[in-house]
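Given next are the chains, with one letter for each unit.
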Amino acid sequence: MLSPASIWKVGAGYGFLAVGLGAFGAHGLQARDMPAKSIKNWETASQYLLVHSVVLLGVSLHPRYSRSRYTAPLLIAGVTAFSGSIYGLVLGSDRLRKILGPVTPIGGKSSPCRL
C-alpha cells in the first residue's frame, strides 16, 4: 500500500512530466517534422497524464481512497501503461510499435478513472 505522501509525490511528478512532455510535443515534435496524427496522439497522452496527476493528488488527500490498496496503484499502472505506450509508439521503431500497440488499450482499461 502506498502512503498518502507517496501518492502525492507520484501525482506531482506525473504533473511535472505531463507539462514537460506536452511542451516537447508542441515544440520538439513539430521541429522533427512528425505527422499530425503523431502529434495529436502525443497531445492525448499528455492530457491523460495531466488529468491523472490531478486525480492522484486528490486521492492522496482523501481520507478513504488514500488508504485503499487498489485506487492509487491502478491509477498509476493505468496511466503509465496508456500514456507511456503512446509516447513509445510515437517515438519508437517499428519493432517497438508491435510490442507497445497492444499495451495502450490495456492501460486505458486498467485505470478506474477513464475519461
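Structure: above.
I will try to describe carefully the structure that is included in this document. (Residues numbered from 1 in each chain as written. Predicted model: local features only at pLDDT ≥ 70, side-chain atom pairs only at ≥ 80, totals over all residues. Heavy atoms only, no water.)

### Observations regarding the overall build of the protein
Then, in step 1: For the protein, the count of helices and strands is 5 helices and 0 strands.
Then, in step 2: In the protein, the order of α-helices and β-strands from amino to carboxyl end is α-α-α-α-α.
Then, in step 3: Evaluated residue by residue, the protein yields a buried proportion of 34% over its 115 residues.
Then, in step 4: Taking all contacts inside the protein whose residues are at least 6 apart in sequence as the whole, residues at least 24 apart take part in 71%. (Helix = DSSP H or I, 4+ residues; strand = E, 2+ residues; numbered from the N terminus. Buried < 20%, exposed > 50% of the residue type's maximum accessible area, 1.4 Å probe, protein only. Contact = heavy atoms within 4.5 Å.)

### Points about helix α1 (residues 4-31)
Each α-helix winds once per 3.6 residues, and so residues spaced three or four apart point in a common direction.
Then, in step 1: Over its 28 residues, α1 runs 40 Å from end to end, which matches the ideal 40 Å to within 8%, given 1.5 Å per residue.
Then, in step 2: When the local axis directions of α1 are compared, the greatest deviation, roughly 35 degrees, occurs at Gly25.
Then, in step 3: As for α1, its buried residues are in contact with α2 (36-61) and α3 (71-91).
Then, in step 4: Where α1 terminates, the next one or two residues include Asp33, which has phi positive at roughly 60 degrees. (Expected span 1.5 Å × (residues − 1). Bend = angle between axes of the 7 residues up to and from the residue.)

### Overview of the nonpolar core
The tendency in soluble globular proteins is for nonpolar side chains to be buried side by side.
Then, in step 1: In this structure, Tyr14, Leu49 and Leu56 are the most contacted members of the largest nonpolar core, which totals 18 residues.
Then, in step 2: Listing elements by their share of this core, those giving two or more residues are α1, α2 and α3.
Then, in step 3: Sort the elements by how many residues they give to this core and α3 lands first, with 8 residues.
Then, in step 4: In this view, Tyr14 contacts Leu49, Ser53, Leu56, Ile76, Val79 and Thr80; residues no more than four positions away in its chain are not counted. (Core = buried A, V, L, I, M, F, W, Y, C linked by side-chain atoms within 4.5 Å.)

### A closer look at the packing of aromatic side chains
Then, in step 1: This structure, assessed with the given rule, holds 3 aromatic pairs.
Then, in step 2: Note on Trp42 and Tyr87: the rings are 4.5 Å apart at their centroids and 55 degrees apart in plane angle, and the pair reads as tilted. Pair noted here: Trp42 is in helix α2 and Tyr87 is in helix α3, with a separation of 45 residues, a long-range link.
Then, in step 3: Take Trp42: its relative accessible area is 2%, and that puts it in the buried class.
Then, in step 4: Three or more aromatic residues joined by ring pairs form one cluster here, namely Phe24, Trp42 and Tyr87. (Phe/Tyr/Trp six-rings, centres within 6.5 Å; stacked < 30°, edge-to-face > 60°.)

### Here we look at the packing of α1 against α2
Then, in step 1: For the pair α1 and α2, the least separation of the axes is 8 Å and the interaxial angle reads 160 degrees. Classified by the angle their axes make, α1 and α2 are roughly antiparallel. Considering the relative orientation of α1 and α2, their crossing is left-handed. (Axes fitted to C-alpha atoms, helices over the stretch in contact; angles between N-to-C directions. Parallel < 35°, antiparallel > 145°, perpendicular 65-115°, else oblique. Left-handed = near helix turned anticlockwise from the far one by under 90°.)

### Things to note about the pattern of salt bridges
Then, in step 1: Within the structure shown, the criterion is met by 1 salt bridge.
Then, in step 2: A salt bridge links Glu43 to Lys40, with the nearest nitrogen and oxygen atoms 3.6 Å apart. Placement of the pair is Glu43 and Lys40 together in helix α2, with a separation of 3 residues, close to one helical turn. (Salt bridge = Lys/Arg side-chain N within 4 Å of Asp/Glu carboxyl O.)

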